[in-house]
Amino acid sequence: MSYLLRRALYALPILLGVALLCFSLVHIAPGDPLVSVLPPDASEELRQQLAALYGFDKPFVEQFVHWLTRALHGDLGTSIATSRPVMQEVGTAVINSVRLAAVATVIGFTFGCLFGFVAGYLRDSAIDRAASFLSVFGVSVPHYWLGMVLAIVFSVFLGWLPATGAGPGGSGDWSWNWEHIQYMLLPAITMSVIPMGIVARTIRALVAEILSNEFIVGLKARGLSDLAVFRHVVKNVAPTALSVMGLQLGYLLGGSILIETVFAWPGTGFLLNSAIFQRDFPLLQGTILILAVFFVLLNLTVDALQTLFDPRIQRN
């Protein structure tokens, strides 16, 4: 418990640094964020009024303190492009991204573990080489290219799955039925490829190393069955695999901007892409901050689970 409390305290300056970095990078970017709402023939007086409305006329430090204070109270401002609260926009997008990332995580972790264990047990065999090739391919292939290929094959040529959107009725009335899930399959499979490759390569290396240790020979000498030995291998692999998958889940939520754009999935990646092109500063800052908070909390959760799976880790 004390370890988790210390980790939570360490996370506070990290979040503060992320907030400052996010706010700074967005503001030093070239261009005027009011272009998206100002008419082409807008007067300078109108531009100054809108700048005062959104707080862009104040000094940088004052803007940051005001934005951070409101963020701590759950107010991330108002979107310049849509005039809706940023928290409302981000909340809907986060729910959609969590749905997609959860399915992609299950796919990536399941097949990554399968390929990793098979390759680790059958190392230096043809199956090991095939699994290693698939892992390298998954890590190396560009996401957006694979997404477009899958959409062309399964949507255009075969007509089996829809290529874009989150459901026939939009993302607001989502249900876990085939009518909606089919919209999720292509982006989820595309997102799962890189985590699957990373998990498979990690587990393959761990399994190969564990099987070469002397305690495995001792377990077999004591007459333990292959299934019992396999359980010991799983216990030794689980903490590292959990840590890797936790990081990949954070990546899936925050780094899926290209995939969600290709499939028009209304998640945080699609929202970030729209905010960048529209130069919607409040929406961009709020989305990045929410994703950063989620990533830090996810790391804390993984640390807590690791202490449960690995008794060798001593937390004082």
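Residues numbered from 1 in each chain as written. Predicted model: local features only at pLDDT ≥ 70, side-chain atom pairs only at ≥ 80, totals over all residues. Heavy atoms only, no water.

Asker: Would you mind showing me how to read the overall build of the chain here?
Answerer: In terms of regular secondary structure, the chain is built from twelve helices and zero strands. A burial count over the chain gives 41% of its 316 residues as buried. For the chain, the proportion of contacts with a sequence separation of at least 24, taken over those separated by at least 6, is 73%. In the form shown here, the chain has an accessible surface area of approximately 16800 Å², with 67% of it arising from carbon and sulfur atoms. (Helix = DSSP H or I, 4+ residues; strand = E, 2+ residues; numbered from the N terminus. Buried < 20%, exposed > 50% of the residue type's maximum accessible area, 1.4 Å probe, protein only. Contact = heavy atoms within 4.5 Å. Areas by Shrake-Rupley, 256 points an atom, 1.4 Å probe, with all protein chains shown as cover.)

Asker: I keep staring at the packing of helix α4 (residues 86–121) against helix α11 (residues 268–278) and nothing clicks. Help me out?
Answerer: When two helices pack together, their arrangement is given by the angle between the helix axes and the distance between those axes. For the pair α4 and α11, the least separation of the axes is 8 Å and the interaxial angle reads 140 degrees. Classified by the interaxial angle, the pair formed by α4 and α11 is oblique. Taken together, the residues of α11 that come into contact with α4 (itself represented by Glu89, Val90, Ala93, Val94 and Ser97) are Thr268, Gly269 and Leu271. Of the residues contributing to the contact of α4 with α11, the split by class is four nonpolar, three polar and one charged. (Axes fitted to C-alpha atoms, helices over the stretch in contact; angles between N-to-C directions. Parallel < 35°, antiparallel > 145°, perpendicular 65-115°, else oblique. Nonpolar A, V, L, I, M, F, W, Y, C, P; charged D, E, K, R; others polar.)

Asker: Looking at this model, I keep getting lost on a nonpolar patch on the surface. Mind explaining?
Answerer: On the surface, a nonpolar cluster with roughly 720 Å² of combined accessible area is contributed by Phe111, Leu114, Val118, Tyr121, Leu122, Ile127, Leu227, Phe230 and Val234. Those elements that place two or more of their residues in the nonpolar patch are α4 and α9 (226–254). The element contributing the most residues to the nonpolar patch is α4, with four residues. The topology assignment puts Leu114 in helix α4. Of the residues examined, Leu114 reaches a relative accessible area of 46% and is grouped as partly exposed. (Patch = residues over 30% accessible without salt bridge, like charges linked within 9 Å, V, L, I, M, F, W, Y side chains within 5 Å. Salt bridge = Lys/Arg side-chain N within 4 Å of Asp/Glu carboxyl O.)

Asker: In this structure, what is going on with the packing of aromatic side chains? I would like to understand it.
Answerer: Centre distance and the angle of the planes are the two values used to describe a pair of aromatic rings. Here the structure, examined in full by the defined rule, presents two aromatic pairs. Relative to Phe115, the ring of Phe111 lies with its centre 6.3 Å away and its plane at 50 degrees, an arrangement referred to as tilted. Here the residue Phe111 and the residue Phe115 both occupy positions in helix α4, the gap between them amounting to four residues, near one helical turn. By relative accessible area, Phe111 is classed as partly exposed at 40%. Under the relative-accessibility criterion, Phe115 is labelled partly exposed at 22%. (Phe/Tyr/Trp six-rings, centres within 6.5 Å; stacked < 30°, edge-to-face > 60°.)

Asker: Which parts of the structure should I look at to understand the UniProt feature "transmembrane region" (unreviewed entry) in the chain?
Answerer: In this structure's numbering, the residues bearing the UniProt feature "transmembrane region" (unreviewed entry) are residues 100–122, 143–161, 181–200, 241–263 and 283–305. Regarding residues 143–161, the helix share stands at 79% and the strand share at 0%, and the terminal C-alpha atoms are separated by 18 Å. End C-alpha atoms of residues 283–305 are separated by 33 Å, and the span's content is 100% helix alongside 0% strand. (UniProt positions renumbered as here; feature names shortened; annotations may be inferred.)

Asker: Help me understand the nonpolar core, please; the structure alone is not making it clear to me.
Answerer: Grouped burial of nonpolar side chains is what soluble globular proteins tend to show. By size, the foremost hydrophobic cluster in this structure holds 21 residues, and its most contacted members are Leu100, Met184, Ala188, Met191 and Trp265. Those elements giving two or more residues to this core turn out to be α4, α6 (143–157), α7 (178–211) and α9. (Core = buried A, V, L, I, M, F, W, Y, C linked by side-chain atoms within 4.5 Å.)

Asker: When you look at the pattern of salt bridges in this model, what are you seeing that I'm missing?
Answerer: Where charged atoms from two side chains of opposite charge come close, those side chains can pair. Going through the model one piece at a time under the given rule, you end up with one salt bridge. In this structure, Glu89 and Arg84 form a salt bridge, with 2.8 Å as the shortest nitrogen-oxygen distance. Overall, the relative accessible area of 15% leaves Glu89 in the buried class.

Asker: Would you explain the side chain of Ser97 in this entry?
Answerer: With respect to the helices, strands and loops of the structure, Ser97 is situated in helix α4. Those residues in contact with Ser97 that sit more than four places away from it in its chain are Leu253, Glu260, Trp265, Gly267, Thr268 and Gly269.

Asker: Help me out: how do you make sense of the environment of Ser135 in this one?
Answerer: Tracing the sequence through the fold places Ser135 in helix α5 (residues 126–140). Of the residues examined, Ser135 reaches a relative accessible area of 4% and is grouped as buried. Taking the C-alpha atoms as reference, Ser135 lies 6.4 Å from Arg201; in sequence the two are 66 residues apart. Beyond its immediate stretch of four places on either side in the chain, Ser135 contacts Gly197, Ala200 and Arg201.

Asker: Whenever I open this one, the packing of α4 against α7 confuses me. Can you help?
Answerer: It is the contact of α4 with α7, at a shortest axis distance of 5 Å, that shows an interaxial angle of 30 degrees. In this structure, α4 meets α7 at a crossing whose hand is right-handed. Its residues assigned to classes, the contact of α4 with α7 shows 24 nonpolar, five polar and two charged. (Left-handed = near helix turned anticlockwise from the far one by under 90°.)

Asker: What is the right way to read unusual backbone geometry from this model?
Answerer: If a residue is not glycine, its phi is most likely negative; likewise, a peptide bond is most likely trans. Even without being a glycine, Ala264 presents a positive backbone phi close to 55 degrees. Mapped onto the elements of the fold, Ala264 is located in the loop between α10 (257–262) and α11. Given the relative accessible area of 30%, Ala264 is considered partly exposed.

Asker: Would you mind going over α5 with me for this structure?
Answerer: Since the α-helix packs 3.6 residues into each turn, any two residues three or four apart lie on the same face. An ideal rise of 1.5 Å per residue puts 21 Å on 15 residues; α5 measures up with 21 Å between its terminal C-alpha atoms. The inward-facing, buried residues of α5 contact α4 and α7. (Expected span 1.5 Å × (residues − 1).)

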